[in-house]
Amino acid sequence: MTAAVWCPPRLGLCLLSGGYLIALLLQLGDLPPVAAFVAITLLIWGLIRQWQQRSLLPQTLRHGLTAIALILALLVGLPQGLLSVFLGLLTLAFALKLLELKEERDYQALVLIAYSLVALGFLLRQSLLETLVLLMAIALATLGLAALYRPLSRPRQPFAALLRLLGPAIPLLLVLFLIAPRLPPLWGVPVGQRAVTGLSDRVSPGEIADLSRSSALAFRFSFPEASLPSDRFYWRAMVHELTDGRSWQPLPYRDRFDPGEVAPELTGEGAIPYTVIAEPSQRTWRYALELSRPTSEGIVLDSRFEFRTKIPLSQQSRYQGVTFERYQADLTLSARDRQLNLQLPPGSNPQTRAWAQRLRDRFSNDDAAIVQASLQELQQQEFRYTLQPPLLTANNSIDDFLFRSRAGFCEHYASSFAFLMRAAGLPARVVTGYLGGEWNPQASYYSVLQANAHAWTEVWLEGQGWTRIDPTAAIAPLRLSEGLEAALTPEDRAQAAGGLLGAAALRRLPLLDQAWQLWASIDYRWTSWVLSYDNQRQQEILAALLAQVGQVGLSLLLVATLLIAAGLMWWLSRWLDQRSSEDPSLRIYQQACRTIAKAGWPRYPQEGPAAYAERLQQLQQPWTAVFSQLTQQYLAQRYAQQSLPAQSLQRSLQALRRSLRVKTRSS
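Analysis parameters
- Residues numbered from 1 in each chain as written.
- Predicted model: local features only at pLDDT ≥ 70, side-chain atom pairs only at ≥ 80, totals over all residues.
- Heavy atoms only, no water.
- Pairing = 2+ DSSP bridges.
- Helix = DSSP H or I, 4+ residues; strand = E, 2+ residues; numbered from the N terminus.
- Contact = heavy atoms within 4.5 Å.
- Axes fitted to C-alpha atoms, helices over the stretch in contact; angles between N-to-C directions.
- Buried < 20%, exposed > 50% of the residue type's maximum accessible area, 1.4 Å probe, protein only.
- Phe/Tyr/Trp six-rings, centres within 6.5 Å; stacked < 30°, edge-to-face > 60°.
- Lys NZ or Arg CZ within 6 Å of the ring centre and 35° of its normal.

Asker: Whenever I open this one, the sheet that holds strand 14 (residues 428-435) confuses me. Can you help?
Answerer: Strand pairing within a sheet occurs via backbone hydrogen bonds; the two strands may be parallel or antiparallel. Strand order in the open sheet made by the five strands is 7-2-14-17-18, with antiparallel pairing throughout. Two strands in the sheet have a free side with no partner beyond their single neighbour: strand 7 (288-289) and strand 18 (465-469). In the sheet, strand 2 (residues 234-240) pairs with strand 7 via two bridges, with the strands oriented antiparallel. Note on strand 7: the bridge partner recorded for tryptophan 235 is leucine 289. Where helix 12 (residues 367-380) meets the sheet, its contacts fall on strand 17 (453-461) and strand 18, and the angle it forms with strand 17 comes to roughly 145 degrees. Running over the sheet, helix 14 (residues 410-423) touches strand 14, strand 17 and strand 18 and is turned about 15 degrees from strand 17.

Given below as structure tokens:
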């Protein structure tokens, strides 16, 4: 006797493959393109073979494909890191397993691979939109699993199966999210060669101008208490002190401290706390308001007033800092730092050096007067603020910019001004970061885009310390007061229409702007309340509860919460079981009886279905004939065991409701 051949459920296989494909497409940025192409090709081939119920491929061919896929995942993934290798193996494993699907355990393995791919997606992507997409992938994979044990034939049955499988776990999931200890990670996700976004370590002409065309989000910030005026929204990222006369770069972190040197002192009056939610950048610095100090764990203030961490920013991160209405920083400059911030490449940019010498001869030792005179001369000349500056000569780019082209973006002005100050004998450096922010009134926070990237200069003035000098504000004051778009020329706006300015133009439509603000506020709250719910915030909440109810009260509250969650799980599970075991025809008939009762003709407790229909028939209303037909269908399916599609009963119920609405209007 020949054993029956096992066939996978077609609908379940399509649902499962859909969940896998969604998770795969979401992670294409971390997956080598060759591996993604091979996986999708094998997936389509495997689905076609399963749909046509073809026999399995020869074992030798299957083993050969597996070996080729393994070698491919290693070759294309290793240069990008272990993460890409693991991701490539998972994606190829699903497609290869589909080609040898011959029994139930193979189908179960497909489900596990799909779940593993989704879990990896949650490790790497946690924004609200990405989370919703991954939840959709989980739902499809779970429906695929349900189809293995119970056919999903009726339209609502997949949703009922999904609710029955996942619904009872939701209450306990919420409780554990709130009270389960937030332990530090025992291992880290290997970031490999994931793209570094945002500001570059090197500032060269054109670097920030290119970034200003991007509408990507850099970070968001808010003030829980008092706010600052917008002209103080200078967000510090990096300090650049080394220059070759054309580009600037930071001093290597290991060389920033003299032996025994400690972090700078920073005090002030009128403390203003703020909160930042930063997007992944793969950098070890964090965004900080000018001259502020961090208050979150794991972030230190270095000697350049930068916020630094030990690990790169590979996921969204929430942290806090405090700035001041009036602050006082360390007013001593070490001999080493003074020499560092006066160094210039020998023989470069002679015209700029001559200008600096004239300023020094004119104002002697009055450094503040040199700074002001330099800014006034820049204002008096015909300089232009533009995204499309002309190319500069390689050897004397500062001279070429200040005395010939006179057209540039913020990095041109900041680097040229720093060179001029050093040539005049004033310690100076270039600072890069972001300027400004867009207010969201629905969630009370500011958004800072990559297009808000900015560069300015810091000059050391005796008695004042490091002082921010923004030469861009002297050339294009609208950049500071009204933003980037207001400061650009019409030609620049047209050239940038495909990026940030194009998005801004679309948002001038009130409906689109309101929709965007609403979605941004929802995403912000998701990030603030869910993604940023770390050990520190959990301890703050528990400490506040402890202060209100005491230790015994807090223990009782936690136990009661767990019991309530367990009770909800039990009740929901029982209710779903009852709903799943209930006859669909009985449910539709009961809905019809309730509809007629609302119209004024309820069914008597002792009255059977046939007697009820006969009594209503005496009313001689058009809808009574419809109800009689529905009753006959119900009795035939429930008692005569006649197989009728559920859609026929549902159509009769809808016709009854329409007839009753018509009758109600006419009366």
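Asker: Sorry if this is basic, but what is going on with the sheet that holds strand 9 (residues 300-301) here?
Answerer: Strands sit in the order 6-10-9 across an open sheet of three strands; the sheet is antiparallel. Looking at which strands have only one partner, the edges of the open sheet turn out to be strand 6 (285-286) and strand 9. Bridging between strand 6 and strand 10 (residues 307-308) involves two bridges; their strand directions are antiparallel. Bridged to tryptophan 285 within strand 10 is arginine 308.

Asker: Would you explain the pairing of strand 16 (residues 445-449) in this entry?
Answerer: Remark: a regular strand shows side chains that alternate across the two faces of the sheet. Summarising burial for strand 16: five of the five residues are buried, a large majority. Burial of strand 16 is two-sided: the residues Tyr445, Ser447 and Leu449 facing one way and the residues Tyr446 and Val448 facing the other way are all buried. Relative to strand 16, strand 1 (residues 217-222) is paired through four bridges, and the arrangement is antiparallel. Residue pairing across strands places phenylalanine 219 opposite valine 448, the latter belonging to strand 16. Sheet topology places strand 15 (residues 438-440) next to strand 16; three bridges connect them, and they run antiparallel. Note that in strand 16 the partner of tryptophan 439 across the bridge is tyrosine 446.

Asker: When you look at the packing of aromatic side chains in this model, what are you seeing that I'm missing?
Answerer: Geometry of an aromatic ring pair is reported as the spacing of the ring centres plus the angle between the planes. According to the stated counting rule, one finds 27 aromatic pairs in the structure shown. Relative to tryptophan 235, the ring of phenylalanine 219 lies with its centre 5.1 Å away and its plane at 65 degrees, an arrangement referred to as edge-to-face. With a gap of 16 residues between them, phenylalanine 219 in strand 1 and tryptophan 235 in strand 2 connect regions that are remote in the sequence. For tryptophan 235, a relative accessible area of 0% gives the class buried. When the centroid spacing of 4.8 Å and the interplanar angle of 10 degrees are considered together, the rings of phenylalanine 221 and tyrosine 446 count as stacked. Here phenylalanine 221, found in strand 1, pairs with tyrosine 446, found in strand 16; they are 225 residues apart in sequence, far enough to count as distant. Taking relative accessible area as the criterion, tyrosine 446 reaches 15% and is therefore assigned buried. Sitting above the plane of the phenylalanine 383 ring, arginine 406 keeps its charged end 5.6 Å from the centroid.

By themselves these figures say nothing about function.
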